[in-house]
Amino acid sequence: MTATTLDPRTALVVIDLQKGIVGLETAHPTADIVARSATLADAFRAKGLPVVLVHVVDGAPGRNEAPAGSGGQPPADWADIVPELGPREGDIVVTKRTWGAFHGTDLDLRLRRAGVTQVILTGVATSIGVESTARSAYEHGYHVTIATDAVTDMNADAHRNSVERIFPRLGETDTTEAIVKLLG
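Residues numbered from 1 in each chain as written. Predicted model: local features only at pLDDT ≥ 70, side-chain atom pairs only at ≥ 80, totals over all residues. Heavy atoms only, no water.

Remarks on the nonpolar core
A general trend in soluble globular proteins is that nonpolar side chains are found buried together.
Right, so step 1: Counting residues in each nonpolar core, the largest one holds 27 residues, and the members touching the most others are Leu 12, Leu 17, Phe 44 and Leu 85.
Right, so step 2: Elements supplying a minimum of two residues to this core: β1 (10-15), α1 (19-22), α2 (30-46), β2 (51-56), β4 (118-124), β5 (143-152) and α6 (176-183).
Right, so step 3: Here the element with the most residues in this core is α2; it accounts for seven residues.
Right, so step 4: Contacts of Phe 44, omitting those with residues within four sequence positions, involve Thr 10, Ala 11, Leu 12, Leu 49, Pro 50, Val 51, Ile 120 and Leu 183.
Right, so step 5: Among the nonpolar cores identified, the runner-up in size contains 25 residues, and Val 52, Val 144, Val 151 and Phe 167 belong to it. (Core = buried A, V, L, I, M, F, W, Y, C linked by side-chain atoms within 4.5 Å. Buried < 20%, exposed > 50% of the residue type's maximum accessible area, 1.4 Å probe, protein only. Helix = DSSP H or I, 4+ residues; strand = E, 2+ residues; numbered from the N terminus. Contact = heavy atoms within 4.5 Å.)

Right under this line is the structure:
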């Protein structure tokens, strides 16, 4: 599906494009994901629309069968947002501790105060942080659009499943170029 329209108050929400994550092995080069997300961020800023930069600082408590990381301390700059994205003056920075950007944060409150009715999502990982945020945005009543050439995953099959099966049920999908054109 292609994106049909952008609401007058649409926000860009960039998920986990931070130093510790963009260095991971992914299905698509993270440099391309960062560049496309930066293109969208610049276009949103030029239109005076909100840019939300989300970064994760640790994980949710609880046991699972696939614990993240090596168990050691990450580098001090692990959670720093990549410099290509900012933050720039006026950007909203959200710090999360779970997969999705809404749970346990003030993201919904900040978007509603700004009159936002639609979100465009980019980032890493497609099937984890991006999908969790898309699901929650949909459940919160936002129109959801995913820039499918500005997301990637550590697992190509998981990425493809999210893009082909999940995202079309949550909203619309399109390319960075098409979304920038819709911005006008």
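Here we look at the pattern of salt bridges
Should their charged atoms come close, side chains of opposite charge can pair.
Right, so step 1: Applying the stated criterion to the full structure yields ten salt bridges.
Right, so step 2: Notably, a salt bridge pairs Asp 149 with Arg 36, separated by 3.6 Å at the nearest N-O pair. Residue Asp 149 is found in strand β5, and its partner Arg 36 is found in helix α2; the two are separated by 113 residues along the sequence.
Right, so step 3: The partly exposed category is assigned to Arg 36, whose relative accessible area is 29%.
Right, so step 4: Salt-bridge contacts for Glu 131 lead to Arg 135; the nearest nitrogen and oxygen are separated by 2.8 Å. Of this pair, Glu 131 and Arg 135 both sit in helix α4 (residues 126-139), four residues apart, which is roughly one turn of the helix.
Right, so step 5: A cluster of three or more residues bridged by salt bridges with shared partners is formed by Asp 42, Arg 45 and Asp 91. (Salt bridge = Lys/Arg side-chain N within 4 Å of Asp/Glu carboxyl O.)

With respect to the packing of aromatic side chains
Right, so step 1: Counted by the stated rule, this structure contains one aromatic pair.
Right, so step 2: Their ring planes at 35° and their centres at 5.9 Å tell us that Phe 102 and Tyr 142 sit as a pair that is tilted. Taken together, the positions of Phe 102 in the loop between β3 (92-96) and α3 (107-113) and Tyr 142 in the loop between α4 and β5 put the pair 40 residues apart, joining distant regions of the chain.
Right, so step 3: By relative accessible area, which is 7% here, Phe 102 ends up buried.
Right, so step 4: Residue Tyr 142 is classed as buried on the basis of its relative accessible area, which comes to 3%. (Phe/Tyr/Trp six-rings, centres within 6.5 Å; stacked < 30°, edge-to-face > 60°.)

Some details on the packing of α2 against α6
Right, so step 1: Where α2 contacts α6, the axes come no closer than 10 Å and their chain directions differ by 5°. It follows from the interaxial angle that α2 and α6 lie roughly parallel. Every residue of α6 that contacts α2 at Arg 36, Thr 39, Leu 40, Ala 43 and Phe 44 is listed here: Thr 176, Ile 179, Val 180 and Leu 183.
Right, so step 2: Here the contact of α2 with α6 is composed, by residue class, of six nonpolar, two polar and one charged. (Axes fitted to C-alpha atoms, helices over the stretch in contact; angles between N-to-C directions. Parallel < 35°, antiparallel > 145°, perpendicular 65-115°, else oblique. Nonpolar A, V, L, I, M, F, W, Y, C, P; charged D, E, K, R; others polar.)

Some words on unusual backbone geometry
Right, so step 1: The omega torsion of the bond from Gly 86 to Pro 87 falls at 10°, within 30 degrees of zero and hence cis.
Right, so step 2: With respect to the helices and strands, Pro 87 occurs in the loop between β2 and β3.
Right, so step 3: Not every positive phi belongs to a glycine, and Asp 16 is a case in point at roughly 55°.
Right, so step 4: Along the polypeptide, Asp 16 turns up in the loop between β1 and α1.

Some remarks on the pairing of β1
Right, so step 1: Most of β1 sits inside the fold, with six of its six residues counted as buried.
Right, so step 2: Side chains of β1 alternate between two faces, with Thr 10, Leu 12 and Val 14 and Ala 11, Val 13 and Ile 15 buried alike.
Right, so step 3: Bridge count between β1 and β4: six bridges; the pairing is parallel. The residue of β4 that forms the bridge with Thr 10 is Gln 118.
Right, so step 4: Judged from the four bridges that link them, β1 and β2 form a sheet pairing that is parallel. The residue bridging Val 13 from the neighbouring strand is Val 52, located in β2. (Pairing = 2+ DSSP bridges.)

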